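# Geometric and topological summary
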Amino acid sequence: MEHSMSWDSLWMNVHLATMVDGYGEIRDAAIAVKDGRIAWLGAYVDLPNNYQANVIHDGQGAWLTPGFIDCHTHLVYAGNRSNEFEARLNGVAYEEIARQGGGIVSTVKATRLASEAQLISESLPRLRSSLGEGVTTIEIKSGYGLDTETEAKILRVARTLPKQFAVRVRTTFLGAHALPPEFAGRADDYINEVCERMLPAIAAENLADAVDVFCEKIGFTPAQTERVFQKAQSLGLPVKLHAEQLSDQGGAALTAKYQGLSADHLEYLSEEGIAAMRASGTVAVLLPGAFYFLRETKLPPIAGLRQAGVAMALASDCNPGTSPMTSLLLTMNMACTLFRFTPLEALQGVTTHAAKALGLAHEIGNLEIGKAADFALWKIMRPADLSYLIGINPHFLTVFSGQVRAF
């Protein structure tokens, strides 16, 4: 790529956390943008003498990081389940809540009934909250439709959100999220429906960037999961998996077998699963919000993943049942306090490694010449503050594809 010294914009008076080789700190720095991409970056004193910039921005001494990436969310859904949260805390058993039409079935019912306009209206506040913390890329899964029409509706809504705000959205088809009521007791028949009707329809409309499955005792078996993976692969779609959240089903190794982008949750991940992920380059996406909300006590094998060199991403898991939050800043703090991440690992988890989990490491995730000019500016003393602060949002502003984002 030819690096012209004529730039669209130049940001000065900033400190850079490039996330190349650790934090990749460059203090008293500058960063230049041309055609929505990073054209130059380095110490201010090293600015070329012959540069020209159409606009020069004063970063006011802020720290500038890559834009945050939330690589696992269920952001588009209808309804609310705070009533179930309250009921559980008042001693009502989950099974009783489910018998009364609660749980995922209630979200599926509400989402099926909602129009696309309603879904957009309910999803935008969640997205706006996420963007307020420097998010420039977000993954959004379906999975609250469990029929072709509603799954497609969810993904279409997700694809329209960038028209409302400057954000990059990756969509994931999660038709095999749970068994819909009309297929009660017929899981294999439902997987037939997913593979033979739903997935081809979603692919024909080009609505999904990847395919996910919930592989668990209360979800789908490894054999059923593999059928979905095989169909996805035949359609040219990469796979990922909700794996080892509640028990060890060997899902991570299965995902690695299919060169999956990521295996997510992983509280019950085995040494064999870690080895398989290491060999395939599959990213571990850890979701401390769900761990916290469910009061899980089984920690993911962080030390084993770290020792094996498996990339560890973090995400909010925004969903109405087990992680009703949008905050990646809180996610980072939870990862440090609950999972013993270092602040560097936490920041890598929502930038470099999250990009890899979405198959976008060539485009985003760190600050390098030629990559997308997506970055966030923060009023902090040092990068570790982003994990250290609780309930304080030091976000200053966001730049998406070289443009200051207003919302």
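Residues numbered from 1 in each chain as written. Predicted model: local features only at pLDDT ≥ 70, side-chain atom pairs only at ≥ 80, totals over all residues. Heavy atoms only, no water.

Before going further, it helps to examine unusual backbone geometry. The backbone phi angle of Asp35 is positive, close to 55 degrees, even though this residue is not glycine. Assignment of secondary structure puts Asp35 in the loop between strand 2 (25-34) and strand 3 (37-43). Under the relative-accessibility criterion, Asp35 is labelled exposed at 62%. Despite not being glycine, Asp317 shows a phi value in the positive range, around 55 degrees. (Helix = DSSP H or I, 4+ residues; strand = E, 2+ residues; numbered from the N terminus. Buried < 20%, exposed > 50% of the residue type's maximum accessible area, 1.4 Å probe, protein only.)

This paragraph deals with the UniProt feature "binding site: Zn(2+)" (unreviewed entry) in the chain. Here the UniProt feature "binding site: Zn(2+)" (unreviewed entry) sits at His72, His74, His242 and Asp317. Across 246 residues, the annotated set stays spatially compact, with a maximum C-alpha separation of 12.3 Å. Considering the arrangement of structural elements, one finds His242 in strand 9 (residues 240-243). Apart from residues no more than four positions distant in its own chain, His242 is found in contact with His72, His74, Lys141, Leu174, Asp212, Val213, Phe214, Cys215, Asp264 and His265. Asp317 gets classed as buried once you look at its relative accessible area, which sits at 1%. For Asp317, the contacting residues outside a window of four places in its chain are Asp70, His72, Thr73, His74, His265, Leu287, Ala290, Thr322 and Ser323. (UniProt positions renumbered as here; feature names shortened; annotations may be inferred. Contact = heavy atoms within 4.5 Å.)

On to the pairing of strand 11 (residues 283-286), then. What you see with strand 11 is no split at all: Val283 and Val285 on one side and Ala284 and Leu286 on the other are buried throughout. Bridging between strand 10 (residues 262-265) and strand 11 involves three bridges; their strand directions are parallel. Across the sheet, Asp264 pairs through a bridge with Val285, a residue of strand 11. Each parallel crossover has a hand, and the one from strand 10 via helix 9 (residues 271-280) to strand 11 is right-handed. Bridge analysis of strand 11 against strand 12 (residues 312-314) gives three bridges, and the strand direction is parallel. What sits directly across from Val285, in strand 12, is Ala313. (Pairing = 2+ DSSP bridges. Right-handed = clockwise from strand over helix to strand, strands pointing away.)

Along its 18 residues, helix 6 (residues 187-204) runs 24 Å from first to last C-alpha, staying within 8% of the 26 Å computed at 1.5 Å per residue. Taken together, the buried positions of helix 6 are Tyr190, Ile191, Glu193, Val194, Cys195, Met198, Leu199 and Ile202. The secondary structure elements touched by the buried residues of helix 6 are helix 5 (148-164), strand 7 (168-176), strand 8 (210-213) and helix 7 (222-234). Backbone geometry just downstream of helix 6 places Asn206 in the positive-phi region, at approximately 55 degrees. (Expected span 1.5 Å × (residues − 1).)

Once that is clear, we can look at the sheet that holds strand 12. Reading across the sheet, the four strands line up as 9-10-11-12 and stay open at both edges, with parallel pairing between neighbours. Pairing within the sheet leaves two strands with one partner each, and these edge strands are strand 9 and strand 12. Pairs of neighbouring strands in the sheet enclose a mean axial angle of 25 degrees, with direction left out of account. (Axes fitted to C-alpha atoms, helices over the stretch in contact; angles between N-to-C directions.)

According to the stated counting rule, one finds ten aromatic pairs in the structure shown. Taking the centre distance of 6.2 Å and the plane angle of 25 degrees together, the rings of Trp7 and Trp40 count as stacked. In this pair, Trp7 is assigned in strand 1 (residues 6-17) and Trp40 in strand 3, connecting sequence segments 33 residues apart. Measuring from ring centre to ring centre gives 5.0 Å for Phe68 and Trp378, while their planes differ by 35 degrees; the resulting arrangement is tilted. You can see Phe68 sitting in strand 5 (residues 68-70) and its partner Trp378 sitting in strand 13 (residues 375-378), a full 310 residues away along the chain. Summarising the burial analysis for this pair, Phe68 and Trp378 share the class buried. Chaining the aromatic ring pairs together yields one cluster made of Trp7, Trp40 and Tyr51. (Phe/Tyr/Trp six-rings, centres within 6.5 Å; stacked < 30°, edge-to-face > 60°.)

Another point: helix 4 (residues 116-131). Under the 1.5 Å per step criterion, the end-to-end length of helix 4 is 21 Å for 16 residues, consistent within 8% with the ideal 22 Å. In the structure, helix 4 departs most strongly from a straight axis at Ser123, where the bend amounts to approximately 30 degrees and where the proline Pro125 lies between one and four residues downstream. For helix 4, the full list of buried residues reads Leu119, Ile120, Ser123, Leu124, Arg126, Leu127, Ser130 and Leu131. Contacts made by the buried residues of helix 4 are with helix 3 (104-113), strand 6 (135-141), helix 5 and strand 14 (395-400). (Bend = angle between axes of the 7 residues up to and from the residue.)

Bringing the packing of helix 6 against helix 7 into the picture now. The interhelical angle for the contact between helix 6 and helix 7, taken along N-to-C directions, is 10 degrees, at an axis separation of 10 Å. Considering their axes alone, helix 6 and helix 7 lie roughly parallel with respect to each other. Of helix 7, the residues touching helix 6 (which contributes Ala187, Asp188, Ile191, Asn192, Val194, Cys195, Glu196, Leu199 and Pro200) are Gln224, Arg227, Val228, Lys231 and Ala232. Split by residue class, the contact of helix 6 with helix 7 holds eight nonpolar, two polar and four charged. (Parallel < 35°, antiparallel > 145°, perpendicular 65-115°, else oblique. Nonpolar A, V, L, I, M, F, W, Y, C, P; charged D, E, K, R; others polar.)

Attention now goes to the pairing of strand 7. The buried fraction of strand 7 amounts to eight of the nine residues, a majority that puts the element mostly inside the structure. Two strands pair when backbone bridges link them, and strand 6 and strand 7 are joined in this way by five bridges, in the parallel orientation. Residue pairing across strands places Glu139 opposite Arg170, the latter belonging to strand 7. Read as a crossover between parallel neighbours, the route from strand 7 over helix 6 to strand 8 is right-handed.

Take the pattern of salt bridges next. Across all of its chains, the model carries 18 salt bridges by this definition. When the shortest N-O distance is used, the salt bridge between Asp147 and Arg112 registers 3.2 Å. Of this pair, Asp147 sits in the loop between strand 6 and helix 5 while Arg112 sits in helix 3, placing them 35 residues apart in sequence. For Arg112, a relative accessible area of 27% translates into the label partly exposed. Between Glu226 and Lys257 there is a salt bridge, with its nearest N and O atoms 2.8 Å apart. (Salt bridge = Lys/Arg side-chain N within 4 Å of Asp/Glu carboxyl O.)

It is worth spelling out the side chain of His15 at this point. Position of His15 relative to the elements: it lies in strand 1. Residue class for His15 comes out buried when judged on its relative accessible area of 15%. A distance of 3.0 Å separates the side chain of His15 from the backbone nitrogen of Asp28, its partner in a polar contact. If near-sequence neighbours (up to four positions away) are discounted, His15 is found in contact with Ile26, Arg27, Asp28, Gly61, Ala62, Trp63 and Leu64. (Polar contact = N/O pair within 3.5 Å; in protein donor to acceptor, adjacent residues only side chain to side chain.)

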